[in-house]
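# Chain and residue survey
The chain contents come next:
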Amino acid sequence: CQATILLTSKQDLKEALIRDVDALVITLGNIDVQSARASCLDDQAKLHQAMVATVGFAELDIQVRTYLRDSLVRQAEALLVADENNDELVRGVANLYLRQGKLDMAEPLYCRALKGFEAKLGKDHPDTLSALTSLANLYRDQGRLDEAKPLYRQAAAGREAVFGPDDPRTLGSLSNLANLYADQGDLNMAEPLYRQALAGFEAALGPDHPHTLSSRNNLAILYKDQGKFSLAEPLYRQTLTGREAKLGPDHPDTLNSLNNLANLLSDQGKLDKAEPLYHRALAGYEAIFGPDHPTTLGAINNLAVLYKDQGKFDQAEPLFCRALAGYEAALGPDHPSTRSSVNNLANFFADQGRCDEVSRSLYRRAQAAQVDLYHPNALRIIVEPQLGHASSTDD
C-alpha cells in the first residue's frame, strides 16, 4: 500500500495533530519505502545516509520508518513551541508521544492540557472530560491503576451528567472503567459494564462501528480470561471480520484482533493455527509502530511463547530476551509488562534446567516483584484496540 504524506504545511500538520493523530501514525506505517521521496535537502541527505549504511531492504525499511517517526515528532514539537498555549495542540503532541510509546514524555503534556482545559472551560466541559480520560489512559498504560481509577470514574460521571447514559462517549467511559477492573483481576465488576457498553454501542452506532467492534473484543477478552473459550472465539472472529472489512487488513485494530485470536488458539493448543496470525500481527506492528514500541514488544513476547510451546527453544530465547530488553528501555523495570517479561524468561530458563547466574538473577527479580511464577495467564500479552494504549474508547 503506497501512501503520500504532505507535512510541508505547518497548518495541515497542526490540524492533523489536533484532530487525528492515529491517521498520521497509520499513514507512516503504510508508506512504500521503496517509493519514498524527501521534500527537503536535509531529509534527502539523511535518507541517502540510511541507504548507504544499511544492508538489505528490510533494514533500510526500518531505518527510513524510524527516521520518519522521529521527524514527525520534531515537527510537532516545533509547532508546540510556537503555539504553547494551544491546549488542543498540547494534547495532540501528547497523543503522538503516546502512540510512539514515549509514555514519560506524554505525561507532563497531558497534565498541562487538562489544567488548561479546566481553567478555560470548566471541569464539566466535554473537552476537559476528554483530557481527563486521556490522562487516565496514560496512567493505565504505565501500570498506575490506582491513579487511573478515580479519573475514569470522574469522567464517567461527568459524561453521564452532560450527555446522558446512552451517549457513545458515556459508553466509552464505561468501557474504560471495565478495562481497569479487568486489569485488576475483578472480572465480576468488569463483566456487566462490558455488556452494558456493547449493548449501548450496538443500539447507538450499529453492529459494525469501530467502537462496537472494540466493545465486542473487550467482552471476548473477558470470556477468555474466565476460561469460556467457546463464548470468546465467535466474538473474536466477528470482531476480526468486521475490522478487516471496515478498517482494512493492516489497521492496528485489525492487527490487535489477529493477536488476540492467536492467543485464544494458543491457549487451546492450536499452535499451528496461531503461528501465522502472530507473524502477521508482528509484521504489521513493526511497520506502524517500529521495533521497540510496547505493542510490538507484546507481539514479540507472544511469538516467543508460541515457539517455547512448540519446543523451538533456539527461536524462543532471543525473542524473550528482546522483549525484556525492550520493555526495560521503554517502560522501566517496574512496569507490569516488564515484570511479566522477567517472569517469562525466568520460567523459560528454569524449564531448560539452566541454573547460571543470569537465570538465578532473573528468578530473584521475579520473586522480588511478587510475580506469580508459572501462572499461565502471565505468559501471553493481550493487545486491545486503540493505537498506543489498550482498549480505551474515547472521542
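Conventions and cut-offs
Residues numbered from 1 in each chain as written. Predicted model: local features only at pLDDT ≥ 70, side-chain atom pairs only at ≥ 80, totals over all residues. Heavy atoms only, no water. Axes fitted to C-alpha atoms, helices over the stretch in contact; angles between N-to-C directions. Helix = DSSP H or I, 4+ residues; strand = E, 2+ residues; numbered from the N terminus. Parallel < 35°, antiparallel > 145°, perpendicular 65-115°, else oblique. Left-handed = near helix turned anticlockwise from the far one by under 90°. Contact = heavy atoms within 4.5 Å. Nonpolar A, V, L, I, M, F, W, Y, C, P; charged D, E, K, R; others polar. Salt bridge = Lys/Arg side-chain N within 4 Å of Asp/Glu carboxyl O. Buried < 20%, exposed > 50% of the residue type's maximum accessible area, 1.4 Å probe, protein only. Expected span 1.5 Å × (residues − 1).

In a pair of packed helices, the angle between the axes and the distance between the axes together describe the arrangement. Put simply, helix 14 (residues 271-289) and helix 15 (residues 294-310) touch, their axes get as near as 9 Å, and they point 155° apart. Here helix 14 is positioned roughly antiparallel relative to helix 15, judged by the angle of their axes. Between helix 14 and helix 15 lies a crossing whose hand is left-handed. Where helix 14 approaches helix 15, its residues Leu-271, Asp-272, Ala-274, Glu-275, Tyr-278, His-279, Leu-282, Tyr-285, Glu-286 and Phe-289 are matched on the opposing element by Thr-295, Thr-296, Ala-299, Ile-300, Asn-302, Leu-303, Leu-306, Tyr-307, Asp-309 and Gln-310. A class-by-class count of the residues in the contact of helix 14 with helix 15 yields 11 nonpolar, five polar and four charged.

For the coordinates displayed, the defined rule picks out 18 salt bridges. Arg-144 serves as the salt-bridge partner of Glu-107, at 3.0 Å between the closest nitrogen and oxygen. Residue Glu-107 is located in helix 6 (residues 103-121), and its partner Arg-144 is located in the loop between helix 7 (126-141) and helix 8 (145-163); the two are separated by 37 residues in the primary sequence. Classification of Glu-107 as buried rests on a relative accessible area of 19%.

Okay, helix 6 next. In this model helix 6 runs 26 Å from its N-terminal to its C-terminal C-alpha over 19 residues, within 8% of the 27 Å that 1.5 Å per residue would give. Within helix 6, burial applies to Leu-103, Ala-106, Glu-107, Leu-109, Tyr-110, Ala-113, Leu-114, Gly-116 and Phe-117. After helix 6 finishes, the residue Gly-122 shows a positive phi value of roughly 95°.

The values reported here are purely geometric and, on their own, carry no functional implication.
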